[in-house]
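Structural overview
Listed here are the chains, written in short residue letters.
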Amino acid sequence: MTGLRYVYAVCRPFGTPLQAQLTGVAGDPPRALTHHGLVAVVSHVPERDFAEEPLRAHLEDLDWLTETARAHQGVIDALTTVTTPLPLRLGTVFHDDSGVRMMMEAREEAFQSTLDRLEGRVEWGVKVYAESEPQESARPAQKPASGRDYLRQRRMQTRSHEDMWQKAEAFSTRLHEELSAFAEDSRTHPPQNPALSKATGRNVLNAAYLVPRVNSEEFVELVDRTKGEVPGMRIELTGPWAAYSFAGEAT
């Protein structure tokens with residue numbers, strides 16, 4: 001089949017085949033391209049969409065980008081069940097197989113070193129959201145009798161919100177310390193933009209944790225035990241993922 005080569009990830013050779021029905025970006029099934037003990041997982045994509053100029057234009061198209069990202073992630077998720085992949089950036093494309101092999105040759109030392117460090121490990125994501133206090137939203141606002149009464153109510157509301165954020169910060173800090181002590185490594189990311197995530201509440205912790213796959217069940221239980229511990233805090237756990245946050249310069 002002709003076309004450009006879309007690269008999803010680099011990994012070590014793996015014996016378990018991917019799902020037979022798995023399709024990748026542009027509907028083409030992924031395949032393994034081996035070079036010097038490394039495997040690049042690739043599929044064919046058409047030049048009309050993935051050559052430099054059309055790809056740049058497509059990356060501004062939210063619908064196209066969402067569909068492509070979903071297909072890309074589907075292959076990474078399938079790989080994560082059978083091996084330890086190093087995911088490459090969305091839209092990593094080469095002209096042919098030899099271009100992919102040249103890339104693996106040039107970055108072989110970094111790939112091998114990172115795979116040694118991440119072998120048998122997965123990433124878990126934990127987000128903490130501070131939501132409005134239920135008592136405040138449920139209680140009807142009383143009409144102030146005077147300007148002084150209005151200022152008093154405003155001070156009380158401000159103090160209540162400050163207390164809530166202090167509790168949220170203390171809770172998220174303690175949770176992050178506990179999870180980091182269990183995990184082999186951790187990363188904190190900037191809070192999510194609510195306009196993009198559509199999540200309610202203020203994101204006070206957005207972190208990733210590198211955990212040996214065999215310890216994942218214990219990690220999930222550790223997170224679950226903290227849910228409901230502090231009123232107004234919502235915890236979201238996602239994973240297991242490929243170790244995006246810990247691949248570093250190798251990817």
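Residues numbered from 1 in each chain as written. Predicted model: local features only at pLDDT ≥ 70, side-chain atom pairs only at ≥ 80, totals over all residues. Heavy atoms only, no water.

**Thoughts on the environment of Phe246**
Stated formally: Numbering of helices and strands runs from the N terminus; a helix is a DSSP stretch of H or I covering at least four residues, while a strand is a stretch of E covering at least two. Note on definitions: a residue-residue contact is assigned when non-hydrogen atoms from the two residues lie within 4.5 Å.
Following the sequence through the fold, Phe246 ends up in the segment after β9 (233-241). For the pair Phe246 and Leu118, spaced 128 residues apart in the sequence, the C-alpha separation amounts to 8.0 Å. Other than its neighbours up to four places away in sequence, Phe246 contacts Arg117, Leu118, Glu123, Asp185, Ser186, Arg187, Ala208, Tyr209 and Leu210.

**What about the environment of Ser180?**
Rules: Throughout this description, a polar contact denotes any pair of N or O atoms lying within 3.5 Å of each other; where both atoms belong to protein, one of them has to be capable of donating a hydrogen while the other can accept it, and for residues adjacent in sequence the pair is counted only when both atoms sit in side chains.
In this fold, Ser180 is placed in helix α7 (residues 147-182). Residues Ser180 and Leu210, spaced 30 residues apart in sequence, show a C-alpha to C-alpha distance of 8.8 Å. Setting aside anything within four residues of it in sequence, one finds Ser180 in contact with Ser186 and Tyr209. At 3.1 Å, the side chain of Ser180 forms a polar contact with the side chain of Ser186.

**Side note on the pairing of strand β3 (residues 38-45)**
Test applied: Any residue under 20% of the maximum accessible area for its type is buried, any over 50% is exposed, and the rest in between are partly exposed; the area is computed with a 1.4 Å probe on protein chains only. For two strands to be treated as a pair, DSSP must find at least two bridges joining them.
Burial within β3 is extensive, with eight of its eight residues counted as buried. Burial along β3 is two-sided: Leu38, Ala40, Val42 and His44 facing one way and Val39, Val41, Ser43 and Val45 facing the other are all buried. With seven bridges joining them, strand β1 (residues 4-11) and β3 adopt antiparallel strand pairing. Of the residues in β3, the one forming a bridge with Val10 is Ala40. Alignment of strand β2 (residues 31-35) against β3, held across five bridges, turns out to be antiparallel.

**Re the packing of aromatic side chains**
Test applied: Pairing of aromatic rings covers Phe, Tyr and the six-membered ring of Trp, with a centre-to-centre limit of 6.5 Å; geometry is then stacked below 30 degrees between planes, edge-to-face above 60, and tilted otherwise.
Applying the stated criterion across every chain, the model contains six aromatic pairs. For the ring pair Phe50 and Trp64, a centre distance of 5.4 Å and an interplane angle of 50° mean the geometry is tilted. Of this pair, Phe50 sits in helix α1 (residues 47-50) while Trp64 is found in helix α3 (residues 62-80), placing the two residues 14 residues apart along the sequence. We classify Phe50 as buried; its relative accessible area is 4%. When the ring of Trp124 is compared with that of Phe219, the centres are 6.3 Å apart and the planes differ by 35°; the resulting orientation is tilted. Of this pair, Trp124 sits in strand β6 (residues 121-130) while Phe219 sits in helix α9 (residues 216-226); the two residues are 95 residues apart in sequence, bridging distant segments of the chain.

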